[in-house]
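Spelled out, the chains give:
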Amino acid sequence: MSDMTETTPGWLSSDELEMTRARMPILYVEAVPVRVDDSGEVTSVGLLLRIGPDGTVSRTLVSGRVLHHERVRDALLRHLEKDLGPVALPRVPASLQPFTVAEYFPTQGITPYHDPRQHAVSLAYIVPVTGDCRPRQDALDLVWFSPQEAVSAAVQSEMPGGHGVLLKQALAHAGCAI
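Let me sum up the structure you'll find in this document. Just so it is clear, the model here is predicted, and its values are computed rather than measured.

1. Structural notes on the overall build of the protein chain
Right, so step 1: Along the backbone of the protein chain there are five helices and seven strands.
Right, so step 2: Element order for the protein chain, N to C, with α for helix and β for strand: α-β-β-β-β-α-β-β-β-α-α-α.
Right, so step 3: Taken over the C-alpha trace, the protein chain has a radius of gyration of 17 Å; the compact-globule value for 178 residues is 16 Å, and the two agree within 12%.
Right, so step 4: Its C-alpha atoms give the protein chain principal-axis dimensions of about 55 × 35 × 30 Å.
Right, so step 5: Out of the 178 residues in the protein chain, the part that is buried amounts to 40%.
Right, so step 6: Contacts in the protein chain between residues far apart in sequence, at least 24 positions, make up 67% of those at least 6 positions apart.

Next comes the structure, spelled out in structure tokens:
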């Protein structure tokens, strides 16, 4: 065993993260990437296509943990770049008031949001992007849907854990008539 100093503060080892998840809520940020027209109306919504640990394919939103000593704004930008690529050109809102706070529980039915790994609290944002989005890391693809397509039964059925509910809330908050 070495006495090496951790040079990346805020990151937990897999074991430490599992133990922490079992004992306390974890703070997340989630982003609904959108394209808007010149008047600011949402014209399309970007959904990531991912393969889960169990091999299931699903559509999801940009999401990730806020690290220790990291500002929410910085976490949001980090996860947008990680999932959408370095030239997505996200426009993070000037006010960091989320459109909703989603509480994920390991027990289904307490809220519409479910994460079997943990109790998590997620600050959710609508983020317009203007650049070229190319998914990175564990996302297979990014598909742009019209707001109407995004809330269709077919797309919603591909969004586990309550992300479909969160997407509907985002579009309602943005004033989309669906």
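2. Some words on the pattern of salt bridges
Right, so step 1: Scanning all chains against the criterion turns up seven salt bridges.
Right, so step 2: Taking the shortest distance from any N to any O, the salt bridge between Arg-59 and Glu-158 comes out at 2.6 Å. Pair noted here: Arg-59 is in strand β3 (residues 57-60) and Glu-158 is in the loop between α4 (153-156) and α5 (163-173), with a separation of 99 residues, a long-range link.
Right, so step 3: Judged by relative accessible area, which is 33%, Glu-158 ranks as partly exposed.
Right, so step 4: A salt bridge links Arg-78 to Glu-70; the nearest nitrogen and oxygen atoms lie 2.8 Å apart.
Right, so step 5: Judged by its relative accessible area of 25%, Arg-78 falls in the partly exposed class.

3. Structural notes on the side chain of Gln-118
Right, so step 1: Assignment of secondary structure puts Gln-118 in the loop between β5 (100-104) and β6 (120-128).
Right, so step 2: Here Gln-118 falls in the buried class, since its relative accessible area comes to 1%.
Right, so step 3: For Gln-118, the side chain forms a polar contact with the side chain of Tyr-28, separated by 2.8 Å.
Right, so step 4: Of note is the side chain of Gln-118, whose polar atom sits 3.0 Å from the side chain of Asp-115.
Right, so step 5: Setting aside residues no more than four positions away along its own chain, Gln-118 makes contact with Arg-21, Ile-26, Tyr-28, Tyr-104, Phe-105 and Pro-106.

4. So, a nonpolar patch on the surface
Right, so step 1: Residues Ile-51, Val-57 and Leu-140 make up a contiguous nonpolar surface patch of roughly 280 Å² in combined accessible area.
Right, so step 2: Its place among the elements puts Ile-51 in strand β2 (residues 42-51).

5. Focus: unusual backbone geometry
Right, so step 1: Positive phi values are uncommon outside glycine, yet His-69 reaches one of about 70 degrees.
Right, so step 2: Mapped onto the fold, His-69 is located in the loop between β4 (62-65) and α2 (72-84).
Right, so step 3: Under the relative-accessibility criterion, His-69 is labelled exposed at 78%.
Right, so step 4: For Leu-89, which is not a glycine, the phi torsion comes out positive at approximately 55 degrees.
Right, so step 5: Examined against the element boundaries, Leu-89 turns out to sit in the loop between α2 and β5.
Right, so step 6: The exposure class of Leu-89 is partly exposed, given its relative accessible area of 49%.

6. Considering the packing of aromatic side chains
Right, so step 1: Within the structure shown, the criterion is met by one aromatic pair.
Right, so step 2: Their ring planes at 50 degrees and their centres at 5.2 Å tell us that Tyr-104 and Tyr-113 sit as a pair that is tilted.
Right, so step 3: A relative accessible area of 7% places Tyr-104 in the buried class.

7. Looking at the nonpolar core
Right, so step 1: Within the largest apolar cluster, 25 residues are counted, with the highest numbers of intra-cluster contacts made by Val-32, Val-45, Leu-47, Phe-99, Leu-166, Leu-167 and Leu-171.
Right, so step 2: When residues of this core are traced back to their parent elements, those giving at least two are β1 (26-36), β2, β5, β6 and α5.
Right, so step 3: Sequence-distant contacts of Val-32, defined by excluding residues within four places in its chain, comprise Val-45, Leu-61, Phe-99, Tyr-125, Ile-126, Val-127, Leu-167 and Ala-170.
Right, so step 4: Leu-48, Val-66, Ala-75 and Leu-142 belong to the second largest nonpolar core, which has 18 residues in total.

So, how was this worked out
- Residues numbered from 1 in each chain as written.
- Predicted model: local features only at pLDDT ≥ 70, side-chain atom pairs only at ≥ 80, totals over all residues.
- Heavy atoms only, no water.
- Helix = DSSP H or I, 4+ residues; strand = E, 2+ residues; numbered from the N terminus.
- Rg over C-alpha atoms; globule rule 2.2 N^0.38 Å.
- Buried < 20%, exposed > 50% of the residue type's maximum accessible area, 1.4 Å probe, protein only.
- Contact = heavy atoms within 4.5 Å.
- Salt bridge = Lys/Arg side-chain N within 4 Å of Asp/Glu carboxyl O.
- Polar contact = N/O pair within 3.5 Å; in protein donor to acceptor, adjacent residues only side chain to side chain.
- Patch = residues over 30% accessible without salt bridge, like charges linked within 9 Å, V, L, I, M, F, W, Y side chains within 5 Å.
- Areas by Shrake-Rupley, 256 points an atom, 1.4 Å probe, with all protein chains shown as cover.
- Phe/Tyr/Trp six-rings, centres within 6.5 Å; stacked < 30°, edge-to-face > 60°.
- Core = buried A, V, L, I, M, F, W, Y, C linked by side-chain atoms within 4.5 Å.

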